[in-house]
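Descriptive structure summary
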Amino acid sequence: MESTGTVLRELRGAQKSSRGVSLYSRYVNRPAGRLLAAGAYRTGLTPNQVTLISAAFTFPGLAAVALAEPSWWLGAVVYAALAVGFAFDSADGQLARLTGRGGPDGEWLDHVVDCAKMILVHTAVLISFYRYTELPSEAWLLLPLGFLFTAVLTFCAGLLREQLGRAAARTAPAAGGATAPVSRVRAVALLPADYGVFCLVFLLLGAPGVFRVGYALLAAVHALFLVAFLAKWFRELKALRAG
């Protein structure tokens, strides 16, 4: 069995590109996932099992948001569960690339868990608002629904962009030229759209009014990112067709 240090070095060489990745994912979540992937490798876990471990941390944390009265301790527990689940979400892909055991089934399972997480997190906030929070107006109940719409549309449109781009690349002649460098400015700009940064808002559950404002601000930022992403992806796919 290879040493942990050797496994970690091999994992560093099996990383996905850092293009389009925020600073949080690059310097916090991916390194944490790398450690978890190394541990999973040494214990003989498969990438699909790591994906299920991610779900085992994430879904109880989201259930707690919906079923327990907001408090500071609840916020800390929820944040820890979501952050650990997100790190395992990074670990499954790293483990798959290290072992060569990834496949369509693993990619499908990973996307199913991600989609379920995306739907449940905003559904849990909606339930919490309805059950426990004295809202200034019932119109606030529309906020989680709007955030849910934004998140799902971003996820589906991004997934389609990736799949259609792959299909076009298979039929188009290979393009030359150097790969664009990773932009640190872009990595900083993407921080508000990073799921790991979003999870931090749950640390504010002990102050429901502050949590509501923070959640609303993130919803607004994600809506702006959605508009920008849709325009960007449309241009890219149109350019692929023209090419």
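Presented here is an overview of the structure given in this document.

This part covers the overall build of the protein chain. Check the secondary structure of the protein chain and you find 9 helices and 0 strands. Start at the N end of the protein chain and walk to the C end: the helices and strands fall as α-α-α-α-α-α-α-α-α. By the burial criterion, 39% of the 243 residues in the protein chain qualify as buried. Looking at the protein chain alone, contacts between residues at least 24 apart form 83% of all its contacts between residues at least 6 apart. Total accessible area on the protein chain is roughly 13,000 Å²; 68% of this is exposed by carbon and sulfur atoms.

Before going further, it helps to spend a moment on the nonpolar core. Core analysis: the biggest nonpolar cluster contains 28 residues, and L82, F198, F202, F211 and Y215 have the highest contact counts within it. Of all elements in the fold, only α3 (47-67), α4 (72-99), α5 (104-132), α6 (142-171), α8 (195-199) and α9 (208-242) reach the threshold of two or more residues within this core. Looking at this core, the element that brings in the most residues is α4, giving 6 residues. Not counting chain neighbours up to four residues away, the residues in contact with F198 comprise V121, H122, F147, Y215 and L218.

We now examine the packing of aromatic side chains. Enumeration according to the criterion identifies 14 aromatic pairs in this entry. Ring centres of F198 and Y215 lie 6.4 Å apart, and the angle between their planes is 55°; on these two criteria the pair is classed as tilted. Of the two residues, F198 sits in helix α8 while Y215 sits in helix α9, which places them 17 residues apart along the sequence. By relative accessible area, which is 0% here, Y215 ends up buried. Here the aromatic rings of F211 and Y215 are separated by 5.8 Å at their centres, their planes lie at 25°, and the arrangement is stacked.

Contact pair α3 / α5: the axes reach a minimum separation of 8 Å and the direction vectors enclose 10°. With respect to each other, α3 and α5 are oriented roughly parallel. Per-class residue counts for the contact of α3 with α5 are 16 nonpolar, 5 polar and 4 charged.

Moving on to the pattern of salt bridges. Throughout the structure, instances matching the rule amount to 6 salt bridges. Measuring nitrogen to oxygen at the nearest pair gives 2.8 Å for the salt bridge that ties E236 to R161. Separated by 75 residues along the polypeptide, E236 in helix α9 and R161 in helix α6 bring together distant segments of the chain.

Going through the model one piece at a time under the given rule, you end up with 1 cavity of 30 Å³ or more. Reported here for the largest cavity is a volume of approximately 40 Å³. For the largest cavity, the full set of lining residues is P70, S128, F129, T133, L205, P208 and F211. Mapped onto the lining of the largest cavity, the elements with two or more residues apiece are α5 and α9. Each residue belonging to the lining of the largest cavity can be placed in one class, and the counts come to 5 nonpolar, 2 polar and no charged.

All right, on to the side chain of S25 then. Note on placement: S25 falls in helix α2 (residues 23-43). Every residue in contact with S25, bar those within four places of it in the chain, is listed here: R30, P31, F86 and D194.

With that settled, consider the state of the cysteines. Chemically, a disulfide is nothing more than a covalent bond linking the sulfur atoms of two cysteines. What the rule picks out here adds up to 0 disulfides. Looking at the unpaired C115, the closest cysteine sulfur is the one in C156, lying at 5.9 Å. Residue classification places C156 among the partly exposed residues on the basis of a relative accessible area of 36%.

Conventions adopted
- Residues numbered from 1 in each chain as written.
- Predicted model: local features only at pLDDT ≥ 70, side-chain atom pairs only at ≥ 80, totals over all residues.
- Heavy atoms only, no water.
- Helix = DSSP H or I, 4+ residues; strand = E, 2+ residues; numbered from the N terminus.
- Buried < 20%, exposed > 50% of the residue type's maximum accessible area, 1.4 Å probe, protein only.
- Contact = heavy atoms within 4.5 Å.
- Areas by Shrake-Rupley, 256 points an atom, 1.4 Å probe, with all protein chains shown as cover.
- Core = buried A, V, L, I, M, F, W, Y, C linked by side-chain atoms within 4.5 Å.
- Phe/Tyr/Trp six-rings, centres within 6.5 Å; stacked < 30°, edge-to-face > 60°.
- Axes fitted to C-alpha atoms, helices over the stretch in contact; angles between N-to-C directions.
- Parallel < 35°, antiparallel > 145°, perpendicular 65-115°, else oblique.
- Nonpolar A, V, L, I, M, F, W, Y, C, P; charged D, E, K, R; others polar.
- Salt bridge = Lys/Arg side-chain N within 4 Å of Asp/Glu carboxyl O.
- 1 Å grid on protein atoms, 1.4 Å probe; cavity = no way out; pocket = protein on both sides within 12 Å on 5 of 7 lines; lining within 4 Å.
- Points joined across faces, edges and corners; volume = space filled by probe spheres on them.
- Disulfide = S-S within 2.5 Å.

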